[in-house]
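# Per-entry structural report
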Amino acid sequence: MATTRFGRWTVHGDGGHLPPGEVVAPGERLSWPSTIGIGAQHVVAMFGATFLVPLLTGFPPATTLFFSAVGTLLFLVITGGRLPSYLGSSFALIAPITAATASYGMSSALGGVVAVGVLLAVVGAVVHFAGARWIDIVMPPVVTGTIVAFIGFNLAPAAWGNVQQAPVTALVTVAAIVLITVAFRGILGRLSILLGVVTGYVVATLRGEVSYDAVADAAWFGLPEFTTPTFEPALLGLFLPVVLVLVAENVGHVKSVAAMTGQNLDDVTGRALFADGVATVLAGSGGGSGTTTYAENIGVMAATRVYSTAAYLVAGVTALVLSLSPKFGELINTIPAGVLGGAATVLYGMIGMLGVRIWVQNRVDFSDPVNLNTAAIALVMGIANYTWSVGSTSFAGIALGTAAAIGVYHLMRSVARWRGTSQEAATPASAPAGTELDPEALQHDR
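Remember, it's a predicted structure, so these values are computed and weren't measured experimentally. (Residues numbered from 1 in each chain as written. Predicted model: local features only at pLDDT ≥ 70, side-chain atom pairs only at ≥ 80, totals over all residues. Heavy atoms only, no water.)

The final tally for this structure, using the stated rule, is three salt bridges. With a closest N to O distance of 2.8 Å, Asp-267 and Arg-82 form a salt bridge. Of this pair, Asp-267 sits in the loop between helix H13 (242–261) and helix H14 (269–286) while Arg-82 sits in the loop between helix H2 (61–78) and strand E3 (87–89), and the two are 185 residues apart along the sequence. Accessibility expressed as a relative area gives 46% for Asp-267, which makes it partly exposed. On the accessibility criterion, Arg-82 (17% relative accessible area) is buried. In this structure, the salt-bridge partner of Glu-209 is Arg-207, at a minimum N-O distance of 3.1 Å. Judged by relative accessible area, Glu-209 falls into the partly exposed class, the value being 27%. Under the relative-accessibility criterion, Arg-207 is labelled partly exposed at 47%. (Salt bridge = Lys/Arg side-chain N within 4 Å of Asp/Glu carboxyl O. Helix = DSSP H or I, 4+ residues; strand = E, 2+ residues; numbered from the N terminus. Buried < 20%, exposed > 50% of the residue type's maximum accessible area, 1.4 Å probe, protein only.)

Not every positive phi belongs to a glycine, and Arg-363 is a case in point at roughly 55°. Mapped onto the elements of the fold, Arg-363 is located in the loop between helix H18 (337–361) and helix H19 (369–383). Relative accessible area serves as the criterion here: at 75%, Arg-363 is assigned to the exposed category. For Asn-385, which is not glycine, the phi torsion reads 60° and is therefore positive. Counting through the fold element by element, Asn-385 comes out in the loop between H19 and strand E5 (388–390). Of the residues examined, Asn-385 reaches a relative accessible area of 37% and is grouped as partly exposed.

Together, Val-118, Leu-119, Val-122, Val-126, Trp-134, Ile-137 and Val-138 make up a nonpolar patch on the protein surface, roughly 530 Å² of accessible area in all. Those elements giving two or more residues to the nonpolar patch turn out to be helix H4 (106–130) and helix H5 (133–138). Per-element accounting of the nonpolar patch gives the leading share, four residues, to H4. Within the secondary structure, Val-122 sits in helix H4. The exposure class assigned to Val-122 is partly exposed, which follows from its relative accessible area of 45%. (Patch = residues over 30% accessible without salt bridge, like charges linked within 9 Å, V, L, I, M, F, W, Y side chains within 5 Å. Areas by Shrake-Rupley, 256 points an atom, 1.4 Å probe, with all protein chains shown as cover.)

Along an α-helix, a turn takes 3.6 residues, which lines up residues three or four apart on a common side. Helix length check: H4, at 25 residues, gives a terminal C-alpha distance of 36 Å against a target of 36 Å (1.5 Å per residue), a fit within 8%. Gly-131, located one to two residues past H4, shows a positive phi value of around 90°. (Expected span 1.5 Å × (residues − 1).)

This part covers the nonpolar core. If you look at soluble globular proteins, the nonpolar side chains tend to sit buried side by side. Phe-239 and Val-247 are the most contacted members of the largest nonpolar core, which totals 99 residues. Apart from residues no more than four positions distant in its own chain, Phe-239 is found in contact with Leu-93, Pro-96, Ile-97, Ala-100, Ala-109, Gly-112, Val-113 and Val-116. (Core = buried A, V, L, I, M, F, W, Y, C linked by side-chain atoms within 4.5 Å. Contact = heavy atoms within 4.5 Å.)

All right, on to the confidence of the model for the chain then. Mean pLDDT over the chain works out to 80, with 85% of the residues at or above the 70 mark. Highest mean pLDDT in the chain belongs to H14 (92); lowest belongs to helix H9 (residues 186–190) (61). Overall, residues 424–446 carries pLDDT values under 50, and its contacts beyond four positions in sequence, including any with other chains, amount to 14 contacts. (pLDDT = per-residue confidence, 0-100.)

Time to look at the environment of Ile-177. Locating Ile-177 in the fold gives a position in helix H8 (residues 167–183). For Ile-177, a relative accessible area of 1% translates into the label buried. Distance from Ile-177 to Val-198, taken between C-alpha atoms, is 9.8 Å for residues 21 residues apart in sequence.

Let's shift gears to helix H7 (residues 156–165). Along H7, the residues classified as buried are Ala-159, Asn-162 and Val-163. Seen along its axis, H7 keeps its buried residues to an arc of 105°; they face one direction. Exposed side chains of H7 directed beyond 90 degrees from the buried face belong to Pro-157, Trp-160 and Gln-165. (Arc of directions from axis to C-beta.)

Before going further, it helps to spend a moment on the packing of aromatic side chains. For the structure shown, the criterion picks out five aromatic pairs. Residues Phe-66 and Phe-226 carry aromatic rings whose centres are separated by 5.6 Å and whose planes lie at 70° to one another, so their mutual orientation is edge-to-face. Here Phe-66, found in helix H2, pairs with Phe-226, found in the loop between helix H11 (213–217) and helix H12 (236–239); they are 160 residues apart in sequence, far enough to count as distant. Judged by relative accessible area, which is 17%, Phe-66 ranks as buried. A residue is classified by how much of its surface remains accessible, and Phe-226, at 41% relative accessible area, is partly exposed. Lying across the ring of Trp-220, Lys-327 places its NZ or CZ 5.1 Å from the centre. (Phe/Tyr/Trp six-rings, centres within 6.5 Å; stacked < 30°, edge-to-face > 60°. Lys NZ or Arg CZ within 6 Å of the ring centre and 35° of its normal.)

The subject of this paragraph is the packing of helix H6 (residues 141–153) against H19. Think of two packed helices as two axes; the pair is described by the angle between the axes and how far apart they sit. Relative to each other, H6 and H19 sit at 20°, their axes nearing to 9 Å. Comparing their axes, H19 and H6 come out roughly parallel. The way H6 lies across H19 gives a crossing that is right-handed. Listed contacts from H19 to Val-142, Val-143, Thr-146, Ala-149, Phe-150 and Phe-153 of H6 are Asn-371, Thr-374, Ala-375, Ala-378, Leu-379, Gly-382 and Ile-383. (Axes fitted to C-alpha atoms, helices over the stretch in contact; angles between N-to-C directions. Parallel < 35°, antiparallel > 145°, perpendicular 65-115°, else oblique. Left-handed = near helix turned anticlockwise from the far one by under 90°.)

In this structure, Val-364 sits in the loop between H18 and H19. Classification of Val-364 by relative accessible area gives buried; the value is 17%. Each C-alpha atom of the pair Val-364 and Val-142 lies 6.2 Å from the other, and the pair is 222 residues apart in sequence. Aside from chain neighbours lying at most four places away, what touches Val-364 is Pro-141, Val-142, Trp-359 and Asn-371.

Structure (structure tokens):
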């Protein structure tokens, strides 16, 4: 039986061949050459999305890569090598970071990232000792899906701003991402964002939109740029709601790995949340973007059926080495606005649709007025970026939308149970999917 102690892996089979249908468990590994190859795939998988976050928020890419590598290695240690995961940049933090940077500067945004990490670590500690059932009670799927959805759609104006600077390049980038997604199978199809950015970058270079002056002046080796955070209480309303998204992402990651490996990983959920919280605190303390588990790397595991945490050790070390090259960081910084705008158009929309996916997967019933009103009110507040100022503190769309989603749901559900009105017949205003009605009623008279 494979050991679950990080740093001690049992070699699977002969270490060189993986017969069809066999799975390499987290506590196992293949030969080191094979493990290094799979680890390199994980680096490529996380690369495009992880680097887009600092590029879109103005953070140093090399610094973000450095802390994502350190965070990944720390995550593996804290979870005891039982949960394979790469901690890449969290998209949920783009909106609050952008708003905070515009108002108070980069250091204040880093303070917000630290606050998110601290709260996430606290949630992880509570889950570890008390269990995760309370998360489902506070944040049922209709609430979680709504929050994830408006965080993505709230960013739409930022994507449009970049697209306007180079519409042709942005269009080529979007087209490349879309076509690569459906034209290739396996790992190439899963890397459509990265390959689409590369395609857009080539077009931008041909159009004279890329400058390499900073790359030529940068050193080959050196530490990334570190920045000390500052703390603005007025920004907490922007950042703290993001914790709900990070909790949902981490819990979803644990459940996905458990389903793929056939192992019960419920007892490691708290440690996973705590580890991501600590990694986010470290990132914010030095100038990096907040971290989260990555669906891109879930895709690599699904394709290879190799869930070995040894591969993630390789990925973390590889990313760490790359982050220590300022020239590499400056090369990433040359990606122009048109490419970023095209990629952001797809990515921000994907974030929004992930919220819809949560509704679909959990079969959220929108003929229920409680669910319908919860999503309706919170989505408008989050997407339109409602703001509310109390003294020197300002609450923006994400904070207000989150509060509305949780508050409206629990208020309406409590009153409905008290009044006995929880079950109501579907009406045209309920926007039924069709299954709530008699199938014969959906057929036209002939």
